[in-house]
Every structure is written in structure tokens, then in C-alpha cells.
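What the coordinates show
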Amino acid sequence: MSERKQRVERLRNRQGGGWGTASTMYFHAVELVFRESAKAVADDPTKTSRWVYAGLPVLMAGVEAFLIEHQHLLKDSSSIQTLAGVEPLRDVLKLYPFTEELQQDLEALIEIRNQIVHPSSVPFGKPEWP
């Protein structure tokens, strides 16, 4: 069985086992990157830092890892079918009662993350990224 299939089975059946990463590892890495970003522009408030772009995909990975951990802890009979790490993150986030503003921010963050990790070429004209 492939590693992906094994992982999906573990998540669907809420089985234990070793996980290669934890959400705290991702969030700590994001903290370090954002700290470097702040240092890069500390002396000139008109400057912008590109360090932020390195942190956004890792931030989303941390969110997904946290949701996997949260759902894994729900060892009840909730029968959640939309599982983090298996289903698209957008679908998983719909399970949680976020404010509309936070939901929109998360949607934008997912789209930005997707453009960073898998940039799409612009067929013509100027890009209109979020």
C-alpha cells in the first residue's frame, strides 16, 4: 500500500502511529520567518519584506496539521466524514464556526498559498492576484 493510502487509512480510522510533524513545529517556523521579516523592515517603515511569502505556505501547513490533530483527538462517534489531511482544506474549514471575516481571510490565504506553491501563468494582460 502506498504511503498516501496508509496515511488516509490512519486518518479515516483515527488510528495512532507516528506523525512526522506537529502543528507546533510549523507555527514555530512561521514565527521565526515573520520575526526575520519584521527585522528586515524595522529601520524603514516604507520598506516591505519578501520574507512573508516564505511563511504563508508553512502557516497553512500548520493550520492543516492542527486540524488533523484536533480531529484525531475527537475519538468519539462524531462520524466526521470531511477529514483534514484527506479532504481539501476549504471543505474542512467549513466544519468550524468561523466569523465571516475570518472565513474570507482563510479563503484568501489558501489562494495566496496556492499561487506561491503552484504559480499559474497569466495568459495575457496583468495578473490579478489576491
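Let us look at the structure shown here. (Residues numbered from 1 in each chain as written. Predicted model: local features only at pLDDT ≥ 70, side-chain atom pairs only at ≥ 80, totals over all residues. Heavy atoms only, no water.)

A word on helix α5 (residues 100–117)
- Under the 1.5 Å per step criterion, the end-to-end length of α5 is 26 Å for 18 residues, consistent within 8% with the ideal 26 Å.
- Taken residue by residue, α5 has Gln 103, Leu 106, Leu 109, Ile 110 and Gln 115 as its buried positions.
- Tucked inside the fold, the buried residues of α5 contact α3 (51–73) and α4 (89–93). (Helix = DSSP H or I, 4+ residues; strand = E, 2+ residues; numbered from the N terminus. Expected span 1.5 Å × (residues − 1). Buried < 20%, exposed > 50% of the residue type's maximum accessible area, 1.4 Å probe, protein only. Contact = heavy atoms within 4.5 Å.)

Details of the pattern of salt bridges
- Summed over the entire model, instances satisfying the criterion amount to five salt bridges.
- Between Glu 111 and Arg 90 there is a salt bridge, with its nearest N and O atoms 3.4 Å apart. Of this pair, Glu 111 sits in helix α5 while Arg 90 sits in helix α4; the two residues are 21 residues apart in sequence, bridging distant segments of the chain.
- According to the relative accessible area criterion, Glu 111 is partly exposed, its value standing at 28%.
- A residue is classified by how much of its surface remains accessible, and Arg 90, at 28% relative accessible area, is partly exposed.
- When salt bridges with common partners are traced through the structure, they connect Arg 90, Glu 107 and Glu 111 into a single cluster. (Salt bridge = Lys/Arg side-chain N within 4 Å of Asp/Glu carboxyl O.)

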